Amino acid sequence: MNIYSQNKLTFLIIALIIISSRITAQQKYDKSFYGGLFYLTNYMTSEEYKLFLHTHNDLETVDHIYEKALSFFDEDYSETFFCLTFVLIPYNKILMRLPVIGSQVTVPLPSPSRKIFDEKLKNTPKRLFNDSPPNDFGDKDKLAHFFANAFLHYDISFFNLSEFLGIFVEYYEQGFFLQGDFDIRDLIANHLGEIFAEMVNKNKNAKPSGAFKIYQLLFFRIYP
């Protein structure tokens, strides 16, 4: 994930590290962040999900994952956005530089076993935009960015604090994270996540694909 696609995720990642430093596998999925994380990650490696992939496009698949998460969390949109942020991060660790002393440290992210993680990553939707890179990775990292911004905007909408946090962390993290470079679709995913949060506030049946299609319409308008 590049430096800009991490900007608002930084706030969530640091908060999660503070809340919990350990993660263990679960066979029964309780209605918690970790229960949802394991449930959704395991589902994305299941035969049912793989069959869905063969018959639907990537935006339809994003909607499907979202609906599974929303059902798991009993229509709790805040929990859904937060959990999907970490389910869909395409990395299981981040390399950070400690402030002041400058030492490098690898921080593990909440994640299942490497085998399950790799399979989940392989099955993560990647064609989100008309101009998504035509490779095996595509725009997989934009999904975590999208749902992180949806979470922040949905829960912290007064005087648009999500934008304030994004700007603050964006400048701070340039000296904090060590990997990545700029990609304009990171900023697009930011705003689309915020738009989706607004869509959900007005219509609880809104789907992520509806927000992503806004960009597609603008793309065709700008590039006829």
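The structure displayed is predicted, hence computed values, not measured ones.

What about the overall build of the protein chain?
Phase 1: Check the secondary structure of the protein chain and you find ten helices and two strands.
Phase 2: Scanning the protein chain from its N terminus toward the C terminus, one meets helices and strands in the order α-α-α-α-α-β-β-α-α-α-α-α.
Phase 3: The burial tally for the protein chain puts 52% of its 224 residues in the buried class.
Phase 4: By sequence separation, contacts in the protein chain at least 24 residues apart represent 70% of the contacts at least 6 residues apart.
Phase 5: When the accessible surface of the protein chain is summed, it comes to about 11,200 Å², and 58% of that surface belongs to carbon and sulfur atoms.

Looking at the packing of aromatic side chains
Phase 1: Tallied over the entire structure, the rule returns 23 aromatic pairs.
Phase 2: Here the aromatic rings of Y29 and Y39 are separated by 5.5 Å at their centres, their planes lie at 70°, and the arrangement is edge-to-face. With Y29 in the loop between α1 (7–19) and α2 (33–43) and Y39 in helix α2, the pair connects residues that are ten residues apart, well separated along the chain.
Phase 3: Each ring, one from Y91 and one from F137, has its centre 6.4 Å from the other, and the planes form 40°; the classification is tilted. Taken as a pair, Y91 in the loop between α5 (77–87) and β1 (93–97) and F137 in the loop between α6 (114–122) and α7 (141–155) lie far apart in primary sequence, 46 residues in all.
Phase 4: Taken together, the ring pairs connect Y66, Y77, F81, F129, F146, F147, Y154, F196, F212 and Y215 into an aromatic cluster.
Phase 5: Here K204 stacks its cationic end above the ring of Y77, 4.8 Å away from the centre of that ring.

A closer look at the pattern of salt bridges
Phase 1: Tallying each qualifying case throughout the model produces nine salt bridges.
Phase 2: When the shortest N-O distance is used, the salt bridge between K142 and D139 registers 3.4 Å. For the pair shown, K142 and D139 are each scored as buried.
Phase 3: Within the structure, one salt-bridge network assembled from shared partners comprises D139, D141, K142 and D186.

Considerations on the confidence of the model for the protein chain
Phase 1: With 69% of its residues at a pLDDT of 70 or more, the protein chain has an overall mean of 78.
Phase 2: Note that residues 18–26 has pLDDT below 50 and, in this model, twelve contacts with residues that lie over four places away or in other chains.
Phase 3: For residues 157–179, every residue scores under 50 in pLDDT, and the model assigns this stretch 52 contacts once sequence neighbours within four places are set aside.

Some details on the environment of L88
Phase 1: Its location among the elements puts L88 in the loop between α5 and β1.
Phase 2: Through-space distance from the C-alpha of L88 to that of T41 is 8.6 Å; in sequence the pair is 47 residues apart.

Focus on a negative patch on the surface
Phase 1: A surface patch of negative charge is lined by D74, E75, D76, E79 and D155.
Phase 2: Position of D74 among the secondary structure elements: in the loop between α4 (58–72) and α5.
Phase 3: Owing to a relative accessible area of 56%, D74 belongs among the exposed residues under this scheme.

Let's talk about the packing of α2 against α4
Phase 1: Two numbers describe how α2 lies on α4: the axes approach to 11 Å, and their chain directions differ by 145°. Considering how the two elements wind past one another, α2 and α4 form a crossing that is right-handed. On α4, the residues touching G35, G36, Y39, L40 and Y43 of α2 are H64, I65, K68, A69 and F72.

Regarding the environment of R127
Phase 1: Checked against the element boundaries, R127 lands in the loop between α6 and α7.
Phase 2: Taking the relative accessible area as the measure of exposure, R127 reaches 34% and is therefore partly exposed.
Phase 3: In this structure, the C-alpha to C-alpha distance between R127 and K140, residues 13 residues apart in sequence, is 7.8 Å.
Phase 4: Setting aside residues up to four positions removed in sequence, R127 forms contacts with D58, S132, P133, P134, N135 and G138.
Phase 5: Separated by 3.3 Å, the side chain of R127 and the backbone oxygen of N135 make a polar contact.

Observations regarding α7
Phase 1: Here α7 spans 22 Å end to end across 15 residues, near enough to the 21 Å set by a 1.5 Å rise per residue.
Phase 2: Taking burial as the measure, the 15 residues of α7 include 14 buried ones, the bulk of the element.

The rules behind the values
- Residues numbered from 1 in each chain as written.
- Predicted model: local features only at pLDDT ≥ 70, side-chain atom pairs only at ≥ 80, totals over all residues.
- Heavy atoms only, no water.
- Helix = DSSP H or I, 4+ residues; strand = E, 2+ residues; numbered from the N terminus.
- Buried < 20%, exposed > 50% of the residue type's maximum accessible area, 1.4 Å probe, protein only.
- Contact = heavy atoms within 4.5 Å.
- Areas by Shrake-Rupley, 256 points an atom, 1.4 Å probe, with all protein chains shown as cover.
- Phe/Tyr/Trp six-rings, centres within 6.5 Å; stacked < 30°, edge-to-face > 60°.
- Lys NZ or Arg CZ within 6 Å of the ring centre and 35° of its normal.
- Salt bridge = Lys/Arg side-chain N within 4 Å of Asp/Glu carboxyl O.
- pLDDT = per-residue confidence, 0-100.
- Patch = residues over 30% accessible without salt bridge, like charges linked within 9 Å, V, L, I, M, F, W, Y side chains within 5 Å.
- Lys, Arg positive; Asp, Glu negative; His and termini not counted.
- Charge placed at Lys NZ, Arg CZ, Asp CG, Glu CD.
- Axes fitted to C-alpha atoms, helices over the stretch in contact; angles between N-to-C directions.
- Left-handed = near helix turned anticlockwise from the far one by under 90°.
- Polar contact = N/O pair within 3.5 Å; in protein donor to acceptor, adjacent residues only side chain to side chain.
- Expected span 1.5 Å × (residues − 1).

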